[in-house]
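Breakdown of the fold
So the chains spell out like this:
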Amino acid sequence: MNSKMRRLTGLIIVLVLMVTLSGCSCSSTTVIDPEGDGSTLSKDYNINILVPETPGTTVYSGNGVTIDASNVKDGYVAVKCESKQNRLKAQVMLGDHSYNYDLASDNEYDIFPLQMGNGTYKVRVLENAGGTNYTPLYQAEFDVKMDDTNRVFIYPSQYVWYTNETSAVAKSYEICEGLKTDEEKVDAIYDWVVDNLTYDKELAKTVESGYLPDLEVTMKTKKGICFDYCALFSAMLRAQGIPTKLVIGKVQPEGITHSWSQVYLDGKWKWMDTTMDGKGHKESDYTMEKEY
């Protein structure tokens, strides 16, 4: 599935031999240092990650919109739309709860998580009609029954996008080489992110609505805002098969909007914040609004 390859920046040289097995992408990958000094970040690894697929076995379409619900049992839906002049939104709804996303009009699939659990979902695409007004283009309803609702958080999706070729994925394999337990892997990746990334104050001042993390940019610049920290941390852990949520909400006493992580370890979700690294805050200071 290559719906987001347009977002890769060409900052790395990747040599890949890929074999795809029912939602699992396997390859032997050598990643060259994105800084360009010719040193390798990792040796050859047998990279084996879960990737979204769009087989077209359950598809709803109309008015230029296509919704592929073939793999909702794995916790995601794919949506694409033909070229439109105005901005597009995708809405994923379950009961009274909804998530809104930007949708590119390039006829390439975006992947959206079904993080609200099991039930009858409604997905619709809307086109901007001026100002903050949007007109529905098409919608579909379908039932979702996942055996494991945590599976949502080990797949790539729009906010945490990566592929077999993403340098962060290979880096996670390098960091975790020889480690046996999930706890060891989480601690090692957490330490790497905290030690290697610097908060980008200028980006924080100028970031615009609709901003999405680009893991290749983050890996190259070693800078980012909380959104970037969490997307990188989540991608690295998901690549290791560890369910990880990117969470957005409020942090007290500052009352700021912030992004942090929840990692599934030992049968429960563990709060982690790679940006603040626990400095002056505890879990009770955080209030979740959305999770991805």
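Residues numbered from 1 in each chain as written. Predicted model: local features only at pLDDT ≥ 70, side-chain atom pairs only at ≥ 80, totals over all residues. Heavy atoms only, no water.

With 67 residues, the main nonpolar core has Phe 142, Val 193, Leu 232, Phe 233 and Met 236 as its most contacted residues. Here this core takes ten residues from helix α5 (residues 226-239), the largest share from any one element. Aside from chain neighbours lying at most four places away, what touches Val 193 is Tyr 229, Leu 232, Phe 233, Met 236 and Thr 274. Formed by seven residues, the second largest nonpolar core is a distinct cluster that contains Ala 78, Ile 111, Ile 154 and Tyr 155. (Core = buried A, V, L, I, M, F, W, Y, C linked by side-chain atoms within 4.5 Å. Buried < 20%, exposed > 50% of the residue type's maximum accessible area, 1.4 Å probe, protein only. Helix = DSSP H or I, 4+ residues; strand = E, 2+ residues; numbered from the N terminus. Contact = heavy atoms within 4.5 Å.)

For the rest of this paragraph, the subject is the pattern of salt bridges. Charged atoms that come close allow side chains of opposite charge to pair. Under the definition given, this model contains ten salt bridges. Taking the shortest distance from any N to any O, the salt bridge between Glu 202 and Lys 205 comes out at 3.7 Å. Taken together, the positions of Glu 202 and Lys 205, both in helix α3 (residues 201-206) and three residues apart, correspond to about one turn of that helix. The burial state of Glu 202 is the same as that of Lys 205; both residues are exposed. Among the ionic pairs, Glu 291 bridges to Lys 245, the shortest N-O distance being 3.1 Å. You can see Glu 291 sitting in strand β17 (residues 286-291) and its partner Lys 245 sitting in strand β14 (residues 244-251), a full 46 residues away along the chain. Grouping residues by exposure puts Glu 291 and Lys 245 together as buried. What you see here is one network of salt bridges that share partners, running through Lys 73, Asp 74 and Arg 151. (Salt bridge = Lys/Arg side-chain N within 4 Å of Asp/Glu carboxyl O.)

Our next topic: the confidence of the model for the protein. Averaged over the protein, the pLDDT score is 89; the fraction of residues at 70 or greater is 86%. Segment residues 1-22: pLDDT under 50, and 68 contacts once partners within four positions in sequence are set aside and those in other chains are kept. Every residue in residues 34-39 scores below 50 in pLDDT, and together they form nine contacts with partners more than four places removed in sequence or on other chains. (pLDDT = per-residue confidence, 0-100.)

With that settled, consider the packing of aromatic side chains. With the rule as written, the count across this model stands at 17 aromatic pairs. Here the aromatic rings of Tyr 121 and Phe 142 are separated by 6.5 Å at their centres, their planes lie at 5°, and the arrangement is stacked. Highlighted residues: Tyr 121 in strand β10 (residues 119-130) and Phe 142 in strand β11 (residues 133-144), separated in sequence by 21 residues. You'll find Tyr 121 and Phe 142 in the same group, each marked buried. Taken together, the ring pairs connect Tyr 99, Tyr 101, Phe 112, Tyr 159, Tyr 211, Phe 227 and Tyr 292 into an aromatic cluster. (Phe/Tyr/Trp six-rings, centres within 6.5 Å; stacked < 30°, edge-to-face > 60°.)

Together, Asp 182, Glu 183, Glu 184, Asp 187, Asp 191, Asp 195 and Asp 266 make up a region of like negative charge exposed at the surface. Inspection of the secondary structure puts Asp 182 in helix α2 (residues 182-196). What makes Asp 182 partly exposed here is its relative accessible area of 35%. (Patch = residues over 30% accessible without salt bridge, like charges linked within 9 Å, V, L, I, M, F, W, Y side chains within 5 Å. Areas by Shrake-Rupley, 256 points an atom, 1.4 Å probe, with all protein chains shown as cover. Lys, Arg positive; Asp, Glu negative; His and termini not counted. Charge placed at Lys NZ, Arg CZ, Asp CG, Glu CD.)

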